[in-house]
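# Notes for the structure review
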Amino acid sequence: MIAGRHALVTGGGSGVGKAIALALAGAGVRVTICGRRSATLDQVAALSDRIAACAADVTDEASVNALYESATAARGPFDIVVANAGASEAGPAHRTSLDEWRRMIDVNLTGSFLTVKPALSGMIKRGTGRIVFVASTAGLKGYAYVAPYVAAKHGVIGLTRALAAETAKTGVTVNAVCPGFAETDMLDESLRRIVEKTGRSLEEARATLASTNPQGRFIQPGEVAAATLYLCDEAAGSVTGQALSISGGETW
C-alpha cells in the first residue's frame, strides 16, 4: 500500500506526467507536480485535492532545491520521486548544434539527476523510497535524427542502474519505465515536424510512427502510469535497476 505517502512528479502538467500524478493520487498518495507552465499545472491540480502544483525548472539546481524546500515543508519529505520531465528535438546529427545537444542533455539527463539527488539521502536514512525515471525506448535502442535525445535517454538508463547499485541494501528502489511512441503532446510535436519536413499527411505520419510498435499502435499515458504505480508499491520491493519497456514488443 502506498496511500499516505508523498510523491514528486516532474513534468506533471500534461501527458505521461499528468497520468502518473492522477494514478498516484487515486491510490491515496499526496502528489506534488512541477513544471515550467503554471497554468497547466494548476489545471491538473484542480482535478484532485491530493495534488499540489509548484512551478520549477528541472535544469536549474536552485529551482529544484527551492521546490524541495517548499514542498517538504508543506507536506513532508518525498517518499516517491518520478523524474518525468523531458523534451525532444529532431534533426540530422551532422546539423545538430552544440546548443541543441546541450539542451537535450540538460533537460532529459541532467534534469533527471537534479530531480532525484535531493531525495536520496533522506530516503536512504529512512530506509525506504521509490525512484522512477520516465525514460524511453530511445534509451534501449537507436533512432535516426534524434541523436541527442537518444544519448540522453541512454544516460538515464545508466543513471538508473548506477543508483540502484548504490541503494540496493537501503530499502530504496530505482527503476525506469521506457515507453515507445506515446499519445502525448510530444508525439503531436513530432508529427508536426514530420509533416512540415516531409510533406506527408498527418495520417501518413501517424501510421509511420505507429508502425514501430509491433502492435501497430501508440502507447497510452495510462499504461505508463500503471507500470509506474506498480514500481512505487511495496510489492515491487525486489525490483530495482530495471528498465521496463512499454512498447508492444518493440524493445525488451
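As a reminder, the structure under discussion sits directly above these lines.
Every residue gets a number counted from 1 within its own chain, in the order that chain's sequence is written. With the structure being a predicted model, the display of local features is reserved for residues of pLDDT at least 70 and the display and counting of side-chain atom pairs for 80 or more, all residues being used for whole-chain, interface and lining totals. Hydrogens are left out, water is left out, and the side-chain values use all remaining heavy atoms of the structure.

### As for the pairing of strand 6 (residues 172–179)
- For strand 6, a buried count of 8 out of 8 residues is recorded, marking the element as mostly surrounded by other parts of the structure.
- Here strand 6 shows two buried faces, one formed by V172, V174, A176 and C178 and the other by T173, N175, V177 and P179.
- The pairing of strand 5 (residues 129–134) with strand 6 spans 6 bridges and is parallel. Paired with F133 across the strands is A176, a residue of strand 6.
- Taken together, strand 5, helix 5 (residues 147–167) and strand 6 constitute a β-α-β crossover, and its handedness is right-handed.
- Between any two strands, at least two bridges found by DSSP are needed for them to pair. Every helix listed is a DSSP run of H or I at least four residues long, and every strand listed is a run of E at least two residues long, numbered separately from the N terminus. Looking at chain direction, strand 6 and strand 7 (residues 243–246) are connected through 4 bridges and run parallel. Among the inter-strand pairings, V177 is bridged to a residue of strand 7, identified as L244. Residue burial is assigned from relative accessible area. The probe radius is 1.4 Å, only protein chains are included, and a residue is buried under 20% of its type maximum, exposed over 50%, and partly exposed in between. Look down the strands so they point away from you; if going from the first strand over the helix to the second traces a clockwise path, that crossover is right-handed.

### Looking at the pairing of strand 1 (residues 6–10)
- Within strand 1, 5 of the 5 residues are buried, which leaves it mostly tucked inside the rest of the structure.
- What you see with strand 1 is no split at all: H6, L8 and T10 on one side and A7 and V9 on the other are buried throughout.
- The pairing of strand 1 with strand 2 (residues 30–35) spans 5 bridges and is parallel. Paired with V9 across the strands is I33, a residue of strand 2.
- Of the crossover connections in this fold, the one passing from strand 1 over helix 1 (residues 15–26) to the parallel strand 2 is right-handed.
- Pairing of strand 1 with strand 4 (residues 80–83) involves 3 bridges; the strand directions are parallel. Bridge pairing in strand 4 links V9 to V82.

### Considerations on unusual backbone geometry
- Within the chain, Y145 stands out as a residue other than glycine whose phi angle is a positive 75°.
- For Y145, the location among the structural elements is in the loop between strand 5 and helix 5.

### Brief notes about the side chain of R75
- Among the structural elements, R75 can be located in helix 3 (residues 61–75).
- Charge counting treats Lys and Arg as positive and Asp and Glu as negative, with His and both chain ends excluded. Here a salt bridge means any side-chain nitrogen of Lys or Arg lying within 4 Å of a carboxyl oxygen belonging to Asp or Glu. D49 provides the closest opposite charge to the buried, unpaired R75, separated from it by 7.6 Å.
- Polar side-chain contacts of R75 include one of 2.7 Å to the backbone oxygen of V31.
- For the purposes of these results, a polar contact is taken to be a pair of N or O atoms within 3.5 Å, where, inside protein, one atom must be able to donate a hydrogen and its partner to accept one; residues adjacent in sequence count only when each atom of the pair is a side-chain atom. A polar side-chain atom of R75 sits 3.5 Å from a polar atom in the side chain of T32.
- Residue contacts follow a heavy-atom distance rule, with two residues in contact if any of their heavy atoms lie within 4.5 Å. Contacts of R75, omitting those with residues within four sequence positions, involve H6, R30, V31, T32, R50, I51 and A52.

### A look at the packing of aromatic side chains
- Put simply, two rings from Phe, Tyr or Trp (the six-membered ring, in Trp's case) pair if the centres are within 6.5 Å, and we call them stacked under 30 degrees between planes, edge-to-face over 60, tilted for the rest. This model, assessed by the stated rule, comprises 2 aromatic pairs.
- A ring pair is formed by Y68 and F78, whose centres lie 5.1 Å apart and whose planes are at 85°; its orientation type is edge-to-face. Taken together, the positions of Y68 in helix 3 and F78 in the loop between helix 3 and strand 4 put the pair 10 residues apart, joining distant regions of the chain. Across the pair, exposure class does not vary: Y68 and F78 are buried alike.

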